[in-house]
Amino acid sequence: MKTNSTALRAGAAQTVRSFPSRDRSPGFFPPVPSRELSVRALDADMSAEGLRAALLTLTLTLTLTLTFGRSCCSQRSRNGSAPNIIIMLMDDMGWGDLGVFGQPSKETPNLDRMAAEGMLFPNFYTANPLCSPSRAALLTGRLPVRNGFYTTNAHARNAYTPQEIVGGISQGEILLPEMLRKAGYISKIVGKWHLGHRPEYLPLEHGFDEWFGSPNCHFGPYKDSDRPNIPIYRDSQMVGRYYEEFEIDIKTGESNLTQIYLEESLLFLRTQAKAGQPFFLYWAVDATHAPVYASKHFLGRSQRGRYGDAVMELDYSVGVILDELRTLGVAEDTFVFFTSDNGAALISAPTQGGSNGPFLCGKETTYEGGMREPAIAWWPGHIPAGTVSQQLGNVMDLFTTSLALAGLPLPGDRIIDGLDLTSVLLNNSLIDRPIFYYRGNELMAVRLGLYKAHYWTWSNSWEQFHKGINFCPGEEVPGVTTHEQKEHTMQPLIFHLGRDPGEKFPISVLSEEYHTALQRISPVVKQHKKDLVAGVPQLNMCDLAVMNWAPAGCEKLGKCLKGPESQPWKCDWPH
């Protein structure tokens, strides 16, 4: 396997070690504390039926030394200024991958500790069951159908940003770092961008001050004549490519990328802490996206194969970052939120994909397994430790909440779908709100309280299913996980997610419960559709000529490639 020395000389990282300086190798995590914390991961109302009993016995014995009371604190940091903000966005990591949610393989002691020291969200959602639209929603606070990260090439299709995509995040959208800059924040993204790879769409054009990572998924390796390998950028300049300067061994899964991303983050934290300037770190690592990878030290250490190894390394990295904040003396001045972009990719499981726990199906679908995410908030001295919030949350809320913490108003010229969760974080209050489950340009389902109504059902087509593509392996539910796009708008399928988190038993349309739930949900859907003004779709056109043939900086490295002539076509989105 190649070393990373070439990449480092190109400016890939200031310091890369095969293992960070802290001696915290797998098997030698900090001892867990003395106080038992029973984390009840699902809604209190779930006790009504037997399924709840099975799900709510998820008990985690964790060490917790409380250094502050459980009363709420100010949303200002310890020094009275706006807090630093870190958003940790995992890639294809499922709700059931964390020990605190019942995963028995013991791969996430640091995330479990983070939950014990902060607030756990069992009912947290993405805005779309696929990577690019989810990330666009997080950074704009807006549904993908509003911010343009969807396609109209076909009905209810998931679309994203492969190399051949022509579009990207609209210049008219306002991203979180652009807003935070008004309050003096320095912003850095580490990892995957996925909002367009052409120059006008890259992070530094949308508010970020620094970037180390890639514009696309780490698919490959490719032959230069067919398509180029994905570039890695430092800021606005390419410093190498996946499978070349930045090696991923497809056969073994070995790669140092997670360690490089960790070191990049630590360097940024140290620099900003020394400068005393507020910062925003968007840590968008991608090791759990197929092809899954981990560094040599972690390979073979988990009980779940290569995927579990990647989870262990990411968990380790989370622990190092939180400990670094303590070492730098800024832990009480830093709000940290951990979540994922969509559900686990069951089509890649078990060795290349994760677990969605008790929930139905996975990535690409609008069933619970595709859109309910692991989520933890951490802010010592402000968020009461060991708290479980039953709030329905969404990645779009991170936009609005971050602006509130920074003391900034929302943009006044557009609808923002994200909610301000500061009262939830500081007081464990509850805000009544719906969750909208979109797939492309179609509203597939809506959740209000414990009830979820499906207006359309579709896993994937029979054609794709017969090719071996199955988003619900071993979980088929007749009439629910349909292989045709089935409309239910006249009589939605309604589930009580407390009794039936796996969406297996629709409530009888003849029951009073059904009609009561429908009477609550219907006006919410009607109003949403009435007010919706869809953005211009950005994910309709593809062209081989726009791929990463010659990114900025390729001349210095001798890595420029010649692409084909432009021949645009309408992208085909099968799912």
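Everything below is about the structure printed above this text.
Residues numbered from 1 in each chain as written. Predicted model: local features only at pLDDT ≥ 70, side-chain atom pairs only at ≥ 80, totals over all residues. Heavy atoms only, no water.

Engineer: Even after reading the chapter, I still don't get helix H10 (residues 397-405), so can you show me in this structure?
Structural biologist: Residues lying three or four places apart along an α-helix face the same way, a consequence of the helix completing one turn every 3.6 residues. A large share of H10 lies buried, amounting to 9 of its 9 residues. By the burial criterion, the buried members of H10 are Asp-397, Leu-398, Phe-399, Thr-400, Thr-401, Ser-402, Leu-403, Ala-404 and Leu-405. Gly-407 sits one or two residues past H10 and shows a positive phi near 75 degrees. (Buried < 20%, exposed > 50% of the residue type's maximum accessible area, 1.4 Å probe, protein only. Helix = DSSP H or I, 4+ residues; strand = E, 2+ residues; numbered from the N terminus.)

Engineer: Is there a simple way to think about the sheet that holds strand S15 (residues 442-448) in this case?
Structural biologist: Whenever strands of a sheet pair, they do so through backbone hydrogen bonds, lying parallel or antiparallel. Here we have 4 strands laid out as an open sheet, ordered S14-S15-S16-S19, and antiparallel in their pairing. Both outer strands of the open sheet, strand S14 (434-439) and strand S19 (493-496), are each paired with one neighbouring strand and no more. On average, each strand axis in the sheet is tilted by 20 degrees relative to the strand beside it, whichever way the strands run. (Pairing = 2+ DSSP bridges. Axes fitted to C-alpha atoms, helices over the stretch in contact; angles between N-to-C directions.)

Engineer: Sorry, what's going on with the packing of aromatic side chains here?
Structural biologist: Counted under the stated rule, the structure contains 20 aromatic pairs. Aromatic side chains Trp-211 and Tyr-233 sit 4.8 Å apart centroid to centroid with 15 degrees between the ring planes, which places their arrangement in the stacked category. Residue Trp-211 is found in strand S5 (residues 210-214), and its partner Tyr-233 is found in strand S6 (residues 231-234); the two are separated by 22 residues along the sequence. When sorted by exposure, Trp-211 lands in the same class as Tyr-233, which is buried. For the ring pair Phe-335 and Phe-337, a centre distance of 6.3 Å and an interplane angle of 45 degrees mean the geometry is tilted. Taking the relative accessible area as the measure of exposure, Phe-335 reaches 1% and is therefore buried. (Phe/Tyr/Trp six-rings, centres within 6.5 Å; stacked < 30°, edge-to-face > 60°.)

Engineer: Quick question: what am I supposed to make of the pairing of strand S8 (residues 279-284) here?
Structural biologist: In summary, the side chains of a regular strand alternate between the two faces of the sheet. Of all 6 residues making up S8, 6 are buried, and the element is well covered by its neighbours. Taking every second residue as pointing to the same face, both faces of S8 are buried, with Phe-279, Leu-281 and Trp-283 on one and Phe-280, Tyr-282 and Ala-284 on the other. Taken together, the 4 bridges between strand S1 (residues 84-90) and S8 define a ladder with parallel strand orientation. By the bridge assignment for S8, Ile-87 is matched with Tyr-282. Where strand S4 (residues 186-192) lies against S8, 6 bridges are found, and the strand directions are parallel. In the sheet register, Ile-189 faces S8, and the bridge partner there is Tyr-282.

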